[in-house]
Amino acid sequence: MTRPVLARAGRRTNLALLIVLAGAFLTGWLAFAAGTTVPSRLATVGHGLLGIGVVLLVPWKTVVVQRAPLLRLASLGLLAVIVVCLLAGFIEVFVGYRVFAGLSPIQVHVGAAFVAVPLLAVHLLRHRRQGPRRTDFRRRQVLRTAGFAVGAGVLYAGLEGVGHLAGLPSARRIASGSHRIAADAMPATIWFLDRVPEVPAGHRVLVAGVEVPVSELAARAVGVRARLDCTSGWYADAEWSGVSLGTLIPADRRVDASSILVTSVTGYRRRFPIEDADRLWLATGVQGRPLRVGTGAPVRLVVPDRRGFWWVKWVAAVELSEIPAYAQSPFPLQ
Ligand SMILES: Nc1nc2c(c(=O)[nH]1)N[C@H]1C(S)=C(S)[C@@H](COP(=O)(O)O)O[C@H]1N2
Ligand SMILES: [Mo]
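In this numbering scheme, every chain counts its residues from 1 along its sequence in written order. The order in which chains are written sets their letters, starting at A; the order in which ligands are written sets their numbers, starting at 1. Reporting in this predicted model follows two pLDDT cut-offs: at least 70 for local features of residues, and 80 or more for side-chain atom pairs to be given and counted; totals over whole chains, interfaces and linings ignore these cut-offs and use all residues. To get the side-chain values, all heavy atoms of the structure are used, and hydrogens and water are removed first.

Caption draft 1: Highlighting the pattern of salt bridges. Throughout this description, the term salt bridge denotes a Lys or Arg side-chain nitrogen within 4 Å of a carboxyl oxygen of Asp or Glu. If you walk through the whole model with that rule in mind, you get 11 salt bridges. In this structure, the salt-bridge partner of Arg289 is Asp184, at a minimum N-O distance of 2.9 Å. Of this pair, Arg289 sits in strand β9 (residues 289–290) while Asp184 sits in the loop between β1 (179–180) and β2 (204–207), and the two are 105 residues apart along the sequence. When its relative accessible area of 48% is taken as the criterion, Arg289 is described as partly exposed. Residue Arg204 is joined to Glu211 by a salt bridge in which the shortest nitrogen-to-oxygen separation is 3.8 Å. A cluster of three or more residues bridged by salt bridges with shared partners is formed by Arg11, Arg12 and Asp136. For helices the rule is a DSSP run of H or I covering at least 4 residues; for strands it is a run of E covering at least 2, with both sets numbered from the N terminus onward. Relative accessibility under 20% of the residue-type maximum defines a buried residue, over 50% an exposed one, and the middle range a partly exposed one, all with a 1.4 Å probe and only protein chains included.

Caption draft 2: Local environment of the packing of aromatic side chains. Each pair of aromatic rings taken from Phe, Tyr and Trp, with Trp reduced to its six-membered ring, is defined by centres within 6.5 Å and is described as stacked if the planes are under 30 degrees apart, edge-to-face if over 60, and tilted in the remaining cases. Applying the stated rule across the entire model yields 11 aromatic pairs. Taking the centre distance of 5.3 Å and the plane angle of 55° together, the rings of Phe272 and Trp310 count as tilted. Taken together, the residues span a long stretch of sequence, with Phe272 in strand β7 (residues 269–273) and Trp310 in the loop between β10 (300–302) and β11 (315–321) at a distance of 38 residues. Residue classification places Trp310 among the buried positions, given a relative accessible area of 9%. Taken together through their ring pairs, the aromatic side chains of Phe25, Trp29, Phe32, Phe114, Trp191, Phe272, Phe309, Trp310 and Phe331 make up a single cluster. Only lysine NZ and arginine CZ atoms are considered, and such an atom sits over a ring when it is within 6 Å of the ring centre and within 35 degrees of the ring normal. Above the face of the Trp310 ring, Arg306 is positioned so that its terminal group lies 4.3 Å from the ring centre.

Written out as structure tokens, the structure reads:
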């Protein structure tokens, strides 16, 4: 027996779930891309609302699943990874940054989302004939959708309220969703497939065609306060010692360039708009000490207002280029 409100579960439930999942996937990436408060907040709040939207659709989807004549393996797999993804997401928000078996909740969350994509593709191919119909845009449907959105908003606000009252880590997370750790506790972090290299003593960085010894960079360094906000769920405020690229590369040499390409000895690279030169720092120390091997020794980039994956470690070269900064993968590939 199905309760009356759930009796209408069907094509529209599936469609709503698809839209909410696609939106969650997109806002998740946007949250990783954003570096400053307002875009970060918009992306993470949107992501949270959509995640709650998935949970709210569970009763209806359960009815749909119960009616299905046959459950395919890909569909069951999809269900399992979405459950893991949601659980990891809520753990990230309410429990905070923890490392279980070498993985943080966000890493499990993102990993599960990745696995979900091909499974969802198979599932959608099997259930193709469920597209929108003109009747979906009738007043009653629009009102139902609005009611659903309000429900997600109320639940979101309620969960935030509970977090505040109970003093949970969720109440202290910043706009990007990251949780604070002490500067001395910053974990050496690899974006994806990169490896910690061996950088020989006497390393020199090629800065716009000029070889600069690390000792010279260290001698010219000034203090820079910056927040390293990693996409794996933590951030740390620290005092770095570095020299800005604006100081190292005279303005007249920058006039014809569109971007600055910073490459690691590992090949890991990021490209920045030329206007950012004064906000890119070649750092040789942090908190009054030289860098450690895992965290970029002898020299790494410090980029206030950009997420951690922009902070190229073990810098080999800084090049001026005519290629615009947007002509690169939005996220590193190694
Ligand atoms: N060469 C290189 N630089 C890199 C990475 C990497 O994998 N390779 N990871 C980035 C990421 S994702 C972050 S969060 C910071 C982490 O810096 P840390 O190891 O000092 O905490 O370095 C960035 N710089
Ligand atoms: Mo990161």
